Amino acid sequence: MAERAPNLVTVGDNCLDVYLTKAVLTVGGCALNVAAHWRRAGLPARYFGAVGDDAEAAILLDAIAKAGLALDDVERRAGPTAVTLLREQDGDRIFVLEELGVGKDYLPREPDYPKIAKADWVHLGLNANPVLVRRLATDRVPFSLDLSTAHDSLPLEGVPLVFASGPEAPDAPVEPIAARLNRAGARDVVITCGSRGAFFRGADGRLLHAPATPVAVLDTCGAGDCFIAAFIAAFVGNRPAAAALREAAAAAAQTCLHLGGFPQQARRIPDWLLDKYAAVIAR
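As a starting point, this report considers the structure included with it. (Residues numbered from 1 in each chain as written. Predicted model: local features only at pLDDT ≥ 70, side-chain atom pairs only at ≥ 80, totals over all residues. Heavy atoms only, no water.)

## A closer look at helix 6 (residues 223-236)
Its 14 residues give helix 6 an end-to-end C-alpha distance of 20 Å, which sits within 8% of 20 Å, the value for a rise of 1.5 Å per residue. Of all 14 residues in helix 6, 11 are buried, a share of seventy percent or more. By the burial criterion, the buried members of helix 6 are Ala-223, Asp-225, Cys-226, Phe-227, Ile-228, Ala-229, Ala-230, Phe-231, Ile-232, Ala-234 and Phe-235. Backbone geometry just after helix 6 places Asn-238 at a positive phi near 70°. (Helix = DSSP H or I, 4+ residues; strand = E, 2+ residues; numbered from the N terminus. Expected span 1.5 Å × (residues − 1). Buried < 20%, exposed > 50% of the residue type's maximum accessible area, 1.4 Å probe, protein only.)

See the structure below:
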């Protein structure tokens, strides 16, 4: 009998990534990107988050449905949908605006919590609500969260797996960062360091490393989320941490070959959206 695929859930952020230099937008957000990559891999996945009551929400909901995720799991709340305005300069991304919208400090609806908690693994995207973190830890739900560069932003006691961003410089120490997150309560820690690769430190204190897979980079947006999706899928599937790191690094490299956090058709930026943020864009 074939082994059952794990049921995977993400909770949290979504947004419109608006590439001003390219005059196109894509749909993303860390939690949404991870769920979309799981669905593309054929895994049972759900995404719980919120969008606003504006025109931006319609674009997001359309992309969420096309990614194979259930719209019933996405709340419509009064207020703005999350939007990130990006410019490119000398190969670097410049964040012009990060509007977190109604997804900021997102807590799922109470009737949705049992659906989330019964998953084989739950991943919380950026800006996770500390109340939800503590509840999942208390209920001993298998879950992970993404700290990015905000290493001290959330309670980590009882958190099974933490992802964080680390230094890209080859001589900058990584072990102290991972060890500090372990001491803060995280059982296992993954530190992603861009072109330097990624590191894993578990309860045994050993630091494992996998190099980044070299590719001709088009866009790094969402590469870290793809890494997380692939690592969790392998790790939950009982792959050793070293193998999960390598598989995740290879998957993340593929995301750098296309625009946006997961493969999708980029859309022209609507005139109404440019008009809405004209004052910010003109700065």
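The discussion continues.
## Looking at the packing of aromatic side chains
Aromatic rings considered in pairs are described by the distance between their centres and by the relative angle of their planes. This model, assessed by the stated rule, comprises five aromatic pairs. Taken together, a centroid distance of 5.8 Å and an interplanar angle of 90° make the contact between Phe-163 and Phe-231 edge-to-face. In this pair, Phe-163 sits in strand 10 (residues 161-165) while Phe-231 sits in helix 6, placing the two residues 68 residues apart along the sequence. Assigned by exposure class, Phe-163 and Phe-231 land together as buried. A connected cluster of aromatic rings, assembled from ring pairs, spans Phe-163, Phe-200, Phe-227, Phe-231 and Phe-235. In this arrangement the basic side chain of Arg-135 is found over the ring face of Tyr-113, its NZ or CZ atom lying 3.6 Å from the centre. (Phe/Tyr/Trp six-rings, centres within 6.5 Å; stacked < 30°, edge-to-face > 60°. Lys NZ or Arg CZ within 6 Å of the ring centre and 35° of its normal.)

## Examining the nonpolar core
Within the largest apolar cluster, 34 residues are counted, with the highest numbers of intra-cluster contacts made by Val-11, Val-122, Leu-124, Phe-143, Leu-145, Leu-181 and Ile-191. Top element by residues in this core is helix 4 (residues 130-138). It accounts for four residues. Beyond its immediate sequence surroundings of up to four residues, Leu-181 is in contact with Leu-147, His-151, Leu-156, Val-162, Ala-164, Ala-186, Val-189 and Ile-191. Counting 28 residues, the second largest nonpolar core, distinct from the first, contains Val-27, Ala-57, Ile-64 and Val-83. (Core = buried A, V, L, I, M, F, W, Y, C linked by side-chain atoms within 4.5 Å. Contact = heavy atoms within 4.5 Å.)

## So, the pattern of salt bridges
Tallying each qualifying case throughout the model produces 16 salt bridges. Here Arg-180 makes a salt bridge to Asp-152, at a shortest N to O gap of 2.7 Å. Taken together, the positions of Arg-180 in helix 5 (residues 175-183) and Asp-152 in the loop between strand 9 (143-148) and strand 10 put the pair 28 residues apart, joining distant regions of the chain. Residue class for Arg-180 comes out partly exposed when judged on its relative accessible area of 35%. One network of salt bridges, in which partners are shared, links Glu-75, Arg-77, Arg-109, Asp-112 and Lys-115. (Salt bridge = Lys/Arg side-chain N within 4 Å of Asp/Glu carboxyl O.)

## Considering a nonpolar patch on the surface
On the surface, a cluster of nonpolar side chains totalling about 220 Å² of accessible area is made up of Val-215, Val-217 and Leu-257. Residue placement: Val-217 occurs in the loop between strand 13 (207-210) and helix 6. (Patch = residues over 30% accessible without salt bridge, like charges linked within 9 Å, V, L, I, M, F, W, Y side chains within 5 Å. Areas by Shrake-Rupley, 256 points an atom, 1.4 Å probe, with all protein chains shown as cover.)

## Quick notes on the side chain of Asp-13
Along the chain, the position of Asp-13 falls in the loop between strand 1 (8-11) and strand 2 (15-19). Classification of Asp-13 by relative accessible area gives buried; the value is 16%. From its side chain, Asp-13 meets the backbone nitrogen of Cys-30 in a polar contact 2.8 Å long. Residues contacting Asp-13, with those up to four places away along its chain left out, are Gly-29, Cys-30, Ala-31, Leu-32, Tyr-47, Gly-125 and Leu-126. (Polar contact = N/O pair within 3.5 Å; in protein donor to acceptor, adjacent residues only side chain to side chain.)

## Describing the environment of Glu-168
Here Glu-168 is to be found in the loop between strand 10 and helix 5. Only 2.5 Å separates the side chain of Glu-168 from the side chain of Ser-195, close enough to count as a polar contact.

## Structural notes on the packing of helix 1 (residues 30-40) against helix 6
Viewed as axis vectors pointing N to C, helix 1 and helix 6 meet at an angle of 50°, and their least axial separation amounts to 8 Å. Between helix 1 and helix 6, the interaxial angle falls into the category oblique. Our pair here, helix 1 against helix 6, has a crossing hand that is right-handed. Judged by residue contacts, Cys-30, Asn-33, Val-34, His-37 and Trp-38 of helix 1 engage Asp-225, Cys-226, Ile-228, Ala-229, Ile-232 and Ala-233 from helix 6. Across the contact of helix 1 with helix 6, the residue classes break down as eight nonpolar, two polar and one charged. (Axes fitted to C-alpha atoms, helices over the stretch in contact; angles between N-to-C directions. Parallel < 35°, antiparallel > 145°, perpendicular 65-115°, else oblique. Left-handed = near helix turned anticlockwise from the far one by under 90°. Nonpolar A, V, L, I, M, F, W, Y, C, P; charged D, E, K, R; others polar.)

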